[in-house]
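Residues per chain are reported as follows:
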Amino acid sequence: MKTKYIFLTGGVLSSVGKGVTAAALGRLLKERGYQVAVQKLDPYINVDPGTMSPYQHGEVFVLEDGAETDLDLGHYERFIDTNLNRVCNVTTGQVYEDVISRERRGDYLGGTIQVIPHITNVIKERIRQVPESTGAEIVLVEVGGTVGDIESLPFLEALRQMRGDIGRRNSFYIHVTWLPYIGATGELKTKPTQHSVRELRSIGISPDMIIARSDHPIEEELREKISLFCDVEKNAVIPMTTTDTLYNIPLILDEFGVGDYIFQKTKLEERQKPDWTTWQEMVAAMRRAKERIPIAVVGKYVELQDAYMSVREALQHAGLANRVDLDIDWIHSASLEEKDDLSFLEKYAGILVPGGFGGRGIEGKIKAIQFARENRIPYLGLCLGMQLMVVELARHHFGSQDANSTEFNPNTQHPVIDLMPDQREITDKGGTMRLGVYPCHLQPGTIAARAYGEDVVQERHRHRFEFNNAYRDELSQEGMVYSGLSPDGRLVEIAELKDHPFMLGTQFHPEFLSRPYRAHPLFTAFIKAAVEHSQN
Ligand code: GLN
């Protein structure tokens, strides 16, 4: 069988849920018995989002192979439940870096290097690497941004050329647009969609399907109108009204016959009838009213929830696994710094400190951690949240506010968190952290070992600093247990506290491996402890 490629472009506005739509489509195709992968093409010039502020870009999602990628890759992995690799996120920066290094090597000797064909050829090469490297039979390719952006033109040109290269049967173009609602007349407008399709056509791409997003119900006449003006069959105009849970989207798309339509047009045979039973039960369970448990996430980028996308999803999955709903309050860590009285934190059944970089808000996070420890509130620390849990305990142990991570105070007397030895010589910021999956050995009899029910686990990392082994003995006098270690025993990957209902921190990011119907064991254990705390 020839690989089938499905290309997704966005029209009218960004942030209409193109990434989730791509992820949901992936699930839809996988349910029909095919191997599916999704690739994101990002038009910005950064080589990867690893160096970007979460305010610019939201979360950086880390893949198994250590690639720092767009947060949409998180949606893809959560919906499709396959591990993607670094080929699945391509940026303009990577493409130019590649072309320029070929030019310097002399690969194009004599030639003038141009956007077409040199840049577009590399883009097409990258697209074709997806089936090679993932084994996917169907590849979904999502282009970031909106049609009309200058930056995305080379990507769109490459997609246009792909149809010529691989043929009509093996390519399918979907345009995801937005229908604005005019309150005064109470109508949804299709004009921006028409313009966007026209713009796409002027580039040479005619969409085979339009997915029209809206916050309001989309009537049949509107589908007909879009079909007529945009020259797309009516049953290929898919109305997608905003839904209460993201995980409902594959079900909606399938109900509108999206899977059948794509299969028919690309002449794919259904290997199995999609069986949505488990997925439907999951969505029904999400919707059922449940006991509500208040959780505080104390972070630095809380104004933009996209910055903690996987943390939020992992918490929700763990809520579902414990049959509770979570009321998550996002607390700005810097706001805790001025407060003398943190007793308002008492109302939370659990406190979580996620990953982060840089000094702002650090003291606020440490105060929240101290509060969790002293008031026996379940605590989960992720990466920086683990490091600060160590700092907090060290301050308590030494009776000194000076204990710190050398990331925040290089001159501290008690550098309980310090740069990893192999990081000392590194000066470049991009792609140089300890990245990707590493094994972690769990120590028997610990909370972590009980939660996982396994001896060795594989978890994804993204950090430069680590627990300073010179302090292991001293902090174990305070009840700190090193429940997860690297295979050589040198790196502390999980630390937890004795004599506390649940106080645990991981040097890795468990949130990246949580799936809606397979919550991460540590998140599940954290929420279980939170439920117990709220019952006391
Ligand atoms: N800034 C810390 C480090 O580099 C923590 C990183 C993180 O939380 N991802 O080690």
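Before reading on, note that the structure itself is shown above.
*Asks:* An account of the overall build of the protein chain is requested, with residue identities and associated values reported.
*Replies:* Each helix and strand in the protein chain was counted, giving 18 helices and 23 strands. Taken over C-alpha atoms, the radius of gyration comes to 25 Å for the protein chain, in line with the 24 Å a tight globule of 536 residues would show. For the protein chain, the spread of C-alpha atoms along the three principal axes comes to 70 × 65 × 45 Å. Per-residue burial for the protein chain yields a buried fraction of 60% across its 536 residues. Taking all contacts inside the protein chain whose residues are at least 6 apart in sequence as the whole, residues at least 24 apart take part in 73%.

*Asks:* Residues and numbers for helix α3 (residues 72-80), please.
*Replies:* Among the nine residues of α3, nine are classified as buried, and the element is accordingly described as predominantly covered. Taken together, the buried positions of α3 are occupied by D72, L73, G74, H75, Y76, E77, R78, F79 and I80. Once α3 ends, the next one or two residues include D81, with phi positive near 60 degrees.

*Asks:* Any chance you could break down the site of the ligand for me, citing the residues and the numbers?
*Replies:* Near the ligand, the surroundings consist of G355, G356, F357, C383, L384, Q387, E407, R462, H463, R464, F465 and H509. Within the backbone of R462, one N or O atom sits 2.9 Å away from a nitrogen atom of the ligand. Taken together, the elements giving at least two residues each to the shell around the ligand come down to α15 (384-398) and β19 (456-463). Classifying every residue of the shell around the ligand by side-chain character gives four nonpolar, five polar and three charged.

*Asks:* Report on helix α10 (residues 258-265), specifying residues and quantitative values.
*Replies:* An α-helix turns once per 3.6 residues; consequently, residues spaced three or four apart project the same way. Within α10, the full set of buried residues consists of V258, G259, Y261, I262 and F263. Looking one or two residues beyond α10, the residue adopting positive phi is K267, at roughly 55 degrees.

*Asks:* Can you tell me about the sheet that holds strand β11 (residues 237-241), naming the residues and giving the values?
*Replies:* Strand order in this open sheet of seven strands is β5-β2-β6-β1-β7-β10-β11, and the pairing throughout is parallel. Because the sheet does not close on itself, it has two edges, and the strands there are β5 (89-91) and β11. Averaged over all neighbouring strand pairs, the angle between strand axes comes to 20 degrees, with direction disregarded. Bridge count for strand β7 (residues 171-178) against strand β10 (residues 209-214) is five bridges, and the pairing is parallel. Bridge pairing links W178 to R213 in β10. Those strands touched by helix α1 (residues 18-30) are β1 (4-10), β2 (36-42), β6 (138-143), β7, β10 and β11, and its axis lies near 175 degrees from that of β6.

*Asks:* Please give an account of the side chain of N248 that cites residues and values.
*Replies:* Here N248 is to be found in the loop between β11 and α9 (249-255). Look at N248 and you get buried, because its relative accessible area is 11%. If near-sequence neighbours (up to four positions away) are discounted, N248 is found in contact with T243, V283 and R287.

*Asks:* Talk me through the environment of L71; I want residue IDs and the actual numbers.
*Replies:* Looking at the secondary structure, you find L71 in the loop between β4 (68-69) and α3. On the basis of relative accessibility, which here comes to 8%, the residue L71 falls in the buried class. In this structure the C-alpha to C-alpha distance between L71 and V492, which are 421 residues apart in sequence, comes to 27 Å. Leaving out residues up to four positions away in the same chain, L71 has contacts with H57, G58, E59, F61, D306 and M309.

*Asks:* Can you explain the nonpolar core? Please cite residues and give values.
*Replies:* With 91 residues, the main nonpolar core has I6, L25, L41, L159, I174, M209 and L253 as its most contacted residues. A total of seven residues in this core trace back to one element, the largest contributor, which is α1. Counting residues in hydrophobic clusters, the runner-up holds 40 residues, among them M386, I417, A495 and L497.

*Asks:* Run through the pairing of β10, naming residues and quoting values.
*Replies:* Burial analysis of β10 places six of its six residues in the buried class, which makes it a mostly covered element. Here β10 shows two buried faces, one formed by M209, I211 and R213 and the other by I210, A212 and S214. Looking at chain direction, β10 and β11 are connected through five bridges and run parallel. In the strand pairing of β11, A212 is matched with P239. Each parallel crossover has a hand, and for β10 linked through helix α8 (residues 220-230) to β11 it is right-handed.

*Asks:* So what's going on with the sheet that holds strand β18 (residues 434-442)? Which residues, and what values?
*Replies:* Ordered by their spatial adjacency, nine strands build an open sheet running β13-β12-β14-β15-β23-β22-β21-β18-β19, and the pairing between neighbours is mixed. Because the sheet does not close on itself, it has two edges, and the strands there are β13 (324-332) and β19. Each neighbouring strand pair of the sheet contributes to a mean axis angle of 25 degrees, computed without reference to strand direction.

*Asks:* Outline the packing of α1 against α10, supporting the account with residue identities and numerical values.
*Replies:* Working note: a packed helix pair is described by the angle between its axes plus the distance between those axes. Two numbers describe how α1 lies on α10: the axes approach to 10 Å, and their chain directions differ by 70 degrees. Judged by the inter-axis angle, α1 sits roughly perpendicular to α10. In this structure, the crossing between α1 and α10 has a hand that is right-handed. Judged by residue contacts, L25, L28 and L29 of α1 engage V258, G259, I262 and F263 from α10. The class makeup of the residues in the contact of α1 with α10 is six nonpolar, one polar and no charged.

*Asks:* An account of the pattern of salt bridges is needed here, citing residue identities and associated values.
*Replies:* Overall, the coordinates contain 41 salt bridges when judged by the stated rule. A salt bridge links D254 to R32, with the shortest nitrogen-to-oxygen separation between them at 2.9 Å. Separated by 222 residues along the polypeptide, D254 in helix α9 and R32 in the loop between α1 and β2 bring together distant segments of the chain. Taken as a pair, D254 and R32 share a single burial class, namely buried. Linking E68 and R462 is a salt bridge whose minimum nitrogen-to-oxygen distance equals 2.6 Å. Placement of the pair is E68 in strand β4 and R462 in strand β19, with a sequence separation of 394 residues. Salt bridges sharing partners connect three or more residues here, namely R32, D254, D260, E270 and K273.

*Asks:* Break down the packing of aromatic side chains for me, citing the residues and quoting the values.
*Replies:* A complete count under the given rule lists 16 aromatic pairs for this structure. Look at F172 and Y261: their rings are 6.2 Å apart centre to centre, the planes differ by 70 degrees, and that puts the pair in the edge-to-face class. With F172 in strand β7 and Y261 in helix α10, this pair connects stretches of sequence that are 89 residues apart. Exposure class is identical for F172 and Y261. Each is buried. Feature note: the residues F79, Y247, W276, W279 and Y517 constitute an aromatic cluster, connected by ring pairs.

Each value, and the rule that gives it
Residues numbered from 1 in each chain as written. Predicted model: local features only at pLDDT ≥ 70, side-chain atom pairs only at ≥ 80, totals over all residues. Heavy atoms only, no water. Helix = DSSP H or I, 4+ residues; strand = E, 2+ residues; numbered from the N terminus. Rg over C-alpha atoms; globule rule 2.2 N^0.38 Å. Buried < 20%, exposed > 50% of the residue type's maximum accessible area, 1.4 Å probe, protein only. Contact = heavy atoms within 4.5 Å. Near = heavy atom within 4 Å. Polar contact = N/O pair within 3.5 Å; in protein donor to acceptor, adjacent residues only side chain to side chain. Nonpolar A, V, L, I, M, F, W, Y, C, P; charged D, E, K, R; others polar. Pairing = 2+ DSSP bridges. Axes fitted to C-alpha atoms, helices over the stretch in contact; angles between N-to-C directions. Core = buried A, V, L, I, M, F, W, Y, C linked by side-chain atoms within 4.5 Å. Right-handed = clockwise from strand over helix to strand, strands pointing away. Parallel < 35°, antiparallel > 145°, perpendicular 65-115°, else oblique. Left-handed = near helix turned anticlockwise from the far one by under 90°. Salt bridge = Lys/Arg side-chain N within 4 Å of Asp/Glu carboxyl O. Phe/Tyr/Trp six-rings, centres within 6.5 Å; stacked < 30°, edge-to-face > 60°.

So, to be careful, I would describe these as geometric facts and stop short of saying anything about function.
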